[in-house]
Each structure stands twice: as C-alpha cells, then as structure tokens.
Amino acid sequence: MRIGIDMRPLQTAHRTAGIGTYTFNLVRQLMRLDNTDEWLYLTLSDVPIDHIHIPTQFPVRRPSKKNHIAFWEQLLLPTDLLRSRADVFHATGGLTQVWEICAPYFQPCQTVITVQDLHPLIIPQFRFIAETRAFKWQMKALRKAAHLIAVSQNTKLDIMRFLDIPEERITVVPMAPGNHFQVQDEDTTRTVLDQYNLQRPFVLYVGNYNVHKNIELLVESWARIDPPVNLVIAGTLSTYPSSLIDRIEKTGRKEFVHFLGSVPYFSEALIALYNAAVAFVFPSFYEGFGLPVVEAMRCGCPVIAARRGSLPEVVGEAGVLIEPDDVQGLADAMQRLIDDPAWRTLLRERGFSHVEEFSWEKIARDTLTVYHQVA
C-alpha cells in the first residue's frame, strides 16, 4: 500500500503549534514501525524541516502568490495526489487557519483527516473564521473523507454534533508527550532557572495568548495567593495583549510575573520549567486535547486544569480540575499545592502513572490500522 502523509504542518506557521507537534511525533514513530507499506512524505520543496530526516519526499506545489491560496489549494493538492499514485492520503493538519495546508474537498484517493478541534464552531470569538469560504471547504472535506481521526473523545463528539458525521467514520487516537519530556537532574534544572533568573516556588503557564486560553482567570487567581509566588509565562510575547499587562499591573505584583517569551519545544529550558514548577495551570475554556498537560505530568509537575473540553478526559484523576470561571477555586487549588508537600507528591505520582497511558508507539500503530481499514 502506498501511503501519503502531509508534512506541510512542519513547514508552515503550525510547526510550533499542536498540529506541528502531532505531525512530527507521529511521523517519527511511523518510521520506526516494521511494515511493508510504501511511504510518501508530501512536502513543500523550498522549506526545510527541522529535527527529522524525511526520506522519499514527494514535492507538492503551492501558488507563488498567497492571494486566494485556499482556492488554489483545492486544485493543486488533488492534482499532486493523483501524480503520487497514493492509495491513502493522511491530512495531519486537516483543519487549520493556515489555508495552505487545507484538506482538499477533491480527494482522488482514500483520505484520512486528523481533527484537533472545532473551535471556530464552538468559541464565539472565532465564529468569523467559520464564515469564511476556506473554512467551509474544509468542513466539506471532513464530511467527504473516508475516515477521521479525533485526538480526543470530546473532539469526536464535537464532530458528530456539528458535522453530523456518523460515529463509525471516526476513530479516537489521542496524542502524547514527546519522549524528551522526562524528569531532569537538578543541576540542569538549576542552570536553566539561573539563566532566566527564576526563583522557586513558581506557577507555570506554557502557551501563546488566545481568548479561549483564559489566562485572565490565572492572573486573577494567582494574585490571591498569600504570600506571593512567582508566575512564569512561556509563550510568544507578541501574542499577549496590553489589556492583560494592565491587569497584571493592577494586582500590585508585577515584579513577580516573568514573561520568558517562546521556549522551544525541544529545549532543555522547557523541560526544566516543567520540572521546577510547583504547579502547571491550564484554565482553557476549550481544548481539542491539551498537550502541555501530559508534558507537565511526564516531567513530574502537578497539573491544575479547567473542567472543559477534552481536559477532564486528558487529566483524569491525576490532576485538579476547576471551573473556568471560579477565581477563588483556582486560587485555593494553587495555594494548596504550594503549602502541602504531601499533596504535591501524591499528584506527582498520579501524573507519572496516568501519563503512561499516552504513547506515540501506540498512536502510530493505531493510525496505521486506520490506513489499512480505509484502503
């Protein structure tokens, strides 16, 4: 069987986001499987891919100008798929806001599409995306695909609810933390903290700003911790609005907030932050999966997350769940982790046990099974 996999999420703006992380880890693990299939890796010929060697690349075209790129995507990619003679095509980033990696409506071979989430249909602030022609084409592509992979049970239910796609055409295959996320030796952790001039204890948030991430709740709740502790935010600075900075200033604790900027996915720094934090807090209103949750658990960091979207199923009994509008509830949860070493230890051990359920080897095997079923 000839299997084509879309590698373009590693060559566009999504390379540092969840879709890029998913594509990277899935492909790296698929390469390690012992099977007789023929693999085609569909790539943009003029854009490098970092941290992984891609054999048998099949170059796909894109228009020289980005005007109407979503339209041309619907014509060029199907033509390239025909040239590739693939039996199965996997759109790993099939539903995105970067239109040059859309899943095509015209599908000349059996097509599998991974759906991370449906936030434009769920979050009011993103409804304008759902009204675009390119997004509607993607919805048509999902309905036409041979099979969909949902990264969580919650995403599967969203697909069934909003797109009226029958359950038998959807398989849940969750994500997992990268294998480099591990408990780190204290000397390495301390070196990283010194580089950032960070002192323990601190509460950690990892990710860029977006309206559904609910970072305002984190700031308001953190400001109630007594005595004050550091709040460390690792994410692209340009995404954080001035309104959030003003809110931090009004807490009177601005000197305790550390904006580190973007911390690379493969860096020792990110691993060190997870290792050193007293708690990782993820109060998002909606997540398709929530990779930072399992990354933190793998590094031994207790997790507090919102009881929304996929987070309850990803966190399970291994972390603390709070309502995403409960300022005092989140403050109490953080305070207890700071004050109660035995509680921290218990959540740490629960996290280690729970995260073993998430494995890229199993993900790769389950995904390969989907390919064979649709073929």
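The text that follows walks through the structure, step by step, so that each part is easy to find.

Criteria and thresholds
- Residues numbered from 1 in each chain as written.
- Predicted model: local features only at pLDDT ≥ 70, side-chain atom pairs only at ≥ 80, totals over all residues.
- Heavy atoms only, no water.
- Phe/Tyr/Trp six-rings, centres within 6.5 Å; stacked < 30°, edge-to-face > 60°.
- Helix = DSSP H or I, 4+ residues; strand = E, 2+ residues; numbered from the N terminus.
- Buried < 20%, exposed > 50% of the residue type's maximum accessible area, 1.4 Å probe, protein only.
- Core = buried A, V, L, I, M, F, W, Y, C linked by side-chain atoms within 4.5 Å.
- Salt bridge = Lys/Arg side-chain N within 4 Å of Asp/Glu carboxyl O.

## Looking at the packing of aromatic side chains
Thinking step 1. Per the counting criterion, the structure on display carries 13 aromatic pairs.
Thinking step 2. Ring geometry for Phe181 and Tyr274: centres 5.8 Å apart, planes at 70°, overall edge-to-face. Of the two residues, Phe181 is situated in the loop between strand S7 (170-172) and helix H7 (186-196) and Tyr274 in helix H10 (residues 268-276); the sequence distance between them amounts to 93 residues. For the pair shown, Phe181 and Tyr274 are each scored as buried.
Thinking step 3. Seen in terms of ring centroids, Phe289 and Phe358 are 5.9 Å apart; in terms of plane orientation they differ by 85°. Their pairing is edge-to-face.

## Here we look at the nonpolar core
Thinking step 1. Core analysis: the largest hydrophobic core is formed by 98 residues, its most contacted members being Leu273, Phe280, Ile304 and Tyr371.
Thinking step 2. With 32 residues, the next largest nonpolar core counts Leu44, Val60, Ala91 and Leu142 among its residues.

## Topic: unusual backbone geometry
Thinking step 1. A cis amide bond, omega -5°, links Arg200 with the succeeding residue Pro201.
Thinking step 2. Of note, Pro201 is situated in the loop between H7 and strand S8 (202-206).
Thinking step 3. Here the amide bond leading from Asp226 into Pro227 is cis, since omega sits at -5°, within 30 degrees of zero.
Thinking step 4. Tracing the backbone through its elements, the reader meets Pro227 in the loop between helix H8 (215-222) and strand S9 (230-234).
Thinking step 5. Notably, Asp164 is not glycine yet its phi reads approximately 55°, a positive angle.

## Side note on the pattern of salt bridges
Thinking step 1. Taken as a whole, this structure holds 15 salt bridges when the rule is applied.
Thinking step 2. Ionic pairing is found between Lys156 and Glu167, a salt bridge with its closest N-O pair at 3.0 Å. Here Lys156 is found in helix H6 (residues 153-163), whereas its partner Glu167 is found in the loop between H6 and S7, with eleven residues between them in sequence.
Thinking step 3. Owing to a relative accessible area of 9%, Lys156 belongs among the buried residues under this scheme.
Thinking step 4. Its relative accessible area of 44% is what places Glu167 among the partly exposed residues.
Thinking step 5. Linking Glu186 and Arg200 is a salt bridge whose minimum nitrogen-to-oxygen distance equals 3.0 Å. Of this pair, Glu186 sits in helix H7 while Arg200 sits in the loop between H7 and S8; the two residues are 14 residues apart in sequence, bridging distant segments of the chain.
Thinking step 6. Using a relative accessible area of 36% as the deciding quantity, one classes Arg200 as partly exposed.

## Regarding the environment of Thr191
Thinking step 1. As for its position among the elements, Thr191 is in helix H7.
Thinking step 2. Judged by its relative accessible area of 43%, Thr191 falls in the partly exposed class.
Thinking step 3. Considering only alpha carbons, one finds Thr191 and Ala269, 78 residues apart in sequence, at a separation of 9.2 Å.

## Some points on H8
Thinking step 1. Summarising burial for H8: seven of the eight residues are buried, a large majority.
Thinking step 2. Listed in full, the buried residues belonging to H8 are Ile215, Glu216, Leu217, Leu218, Val219, Ser221 and Trp222.

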